Amino acid sequence: MEKYLLYGGKIILEYDEKNHIYSVNEKQVYGVTSITGILGKPALIYWAVNQAINFLKLNLVPGKALDEVQIKQLLENARIAHTKTKNTAADVGTMIHDWVAQYVKAISEKKEPPKRPVNKEMKAAIDGFFRWAKESQLKIIRSEQKVYHDKWQYAGTLDLEGIVNGKRAIIDLKTGKSLYPEAFLQASAYLKAREQETGKEYPGGVIIVRLSKRVEEGEKIVEPFEAVRDENVDTHFRCFLNCLQIYRWQIKVKRENLIKKINGQTSKIG
């Protein structure tokens, strides 16, 4: 269990990395990513269907007969094809985040930075990060900072806090194929938690930086990065608080239903 002293040591935030659970005073508090996870992503449904279709295209051979077991295995593998792709992408994204965090820590401690990755996707994304950092005159203040909002009682881990083009801002790194609106809700939640704890202002607002993992022949980077700044943090944060209320309601309903089932009562809600 990791422990972090926040608010001048008045609050001890604990983080269970294995289960991704935050707690304060031994009471669980909800994480920013879980809270914004209630928002639907309709585009992912079509993506998942296409993953299944592509799998079948690669594995169905015209004229080749399949028995009952082979058909079942083929359909099962098609059903989970999107999960395998998603998990692989998530692993690469996590490794990119970890590399950037190790680099920032090494630089701040005046130690030798980690070696550049050999993997083409990781290398493309990290090269994009350095290009964006140079163009935006980034001065990193901290990375992988644990945050907690003592009024709204949520926690999270921000990617970067720094000075971008002369303004203090919260930076969230993404490695997906596109940017989703909830990224601004997440970043605004991190910013407001830091404001609450430190009393500092963030005139640079929130910045979402999407690092491309795609490369072409000759290792030419395609769209090395996509950066979007938004200073309208209050609007995003109000929406985040709405998500927080809905998320708490969902948890409450699930717990009440579980108790009813344990007690042998009806699980219907009136």
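These numbers were taken from a predicted model, which means no experiment stands behind them. (Residues numbered from 1 in each chain as written. Predicted model: local features only at pLDDT ≥ 70, side-chain atom pairs only at ≥ 80, totals over all residues. Heavy atoms only, no water.)

**Student:** For this particular structure, what's the right way to read the nonpolar core?
**Tutor:** Among soluble globular proteins, nonpolar side chains are generally buried collectively. Core analysis: the biggest nonpolar cluster contains 26 residues, and I35, Y154, I170, V206 and F240 have the highest contact counts within it. Residue assignment for this core shows that the elements contributing at least two residues are α1 (32-36), β6 (154-164), α6 (182-198), β8 (206-211) and α7 (233-262). The next biggest cluster of nonpolar side chains, apart from the first, holds 21 residues, and it includes I96, I126, F129 and I207. (Core = buried A, V, L, I, M, F, W, Y, C linked by side-chain atoms within 4.5 Å. Buried < 20%, exposed > 50% of the residue type's maximum accessible area, 1.4 Å probe, protein only. Helix = DSSP H or I, 4+ residues; strand = E, 2+ residues; numbered from the N terminus.)

**Student:** Would you mind showing me how to read the packing of aromatic side chains here?
**Tutor:** The way to describe two aromatic rings as a pair is by their centre distance and the angle between their planes. In the structure shown here, the tally under the stated rule is ten aromatic pairs. Ring geometry for Y30 and Y247: centres 5.1 Å apart, planes at 80 degrees, overall edge-to-face. On the criterion of sequence distance, the pair formed by Y30 in strand β4 (residues 27-31) and Y247 in helix α7 is long-range, its members being 217 residues apart. Given the relative accessible area of 13%, Y30 is considered buried. For the ring pair W99 and Y103, a centre distance of 5.5 Å and an interplane angle of 10 degrees mean the geometry is stacked. (Phe/Tyr/Trp six-rings, centres within 6.5 Å; stacked < 30°, edge-to-face > 60°.)

**Student:** When you look at the pairing of strand β3 (residues 21-24) in this model, what are you seeing that I'm missing?
**Tutor:** The side chains of a regular strand alternate between both faces of the sheet. As paired elements, strand β2 (residues 11-16) and β3 share four bridges and run antiparallel to each other. Opposite D16, over in β3, you have I21 as the bridge partner. Taking the residues that link successive antiparallel strands as the turn, the β2-β3 hairpin has four residues, and the phi of H20 there is positive, at about 55 degrees. The pairing of β3 with β4 spans three bridges and is antiparallel. For V24, the partnering residue across the bridge sits in β4 and is K27. (Pairing = 2+ DSSP bridges.)

**Student:** I would appreciate a short explanation of the environment of Y7 in the present structure.
**Tutor:** Tracing the backbone through its elements, the reader meets Y7 in the loop between β1 (2-6) and β2. Among all residues touching Y7, those that are not within four sequence positions of it are Y148, H149, D150, A193, Q196 and E197. In this structure the side chain of Y7 is engaged in a polar contact, spanning 3.2 Å, whose partner is the backbone nitrogen of D150. (Contact = heavy atoms within 4.5 Å. Polar contact = N/O pair within 3.5 Å; in protein donor to acceptor, adjacent residues only side chain to side chain.)

**Student:** Help me understand the pattern of salt bridges in this model?
**Tutor:** Close approach of charged atoms allows side chains of opposite charge to pair. Overall, the coordinates contain 16 salt bridges when judged by the stated rule. Taking the shortest distance from any N to any O, the salt bridge between E161 and R168 comes out at 2.9 Å. Here E161 matches R168 in class, with each residue buried. Several salt bridges converge on common partners, so that one network encompasses R142, E161, R168, R194 and E197. (Salt bridge = Lys/Arg side-chain N within 4 Å of Asp/Glu carboxyl O.)

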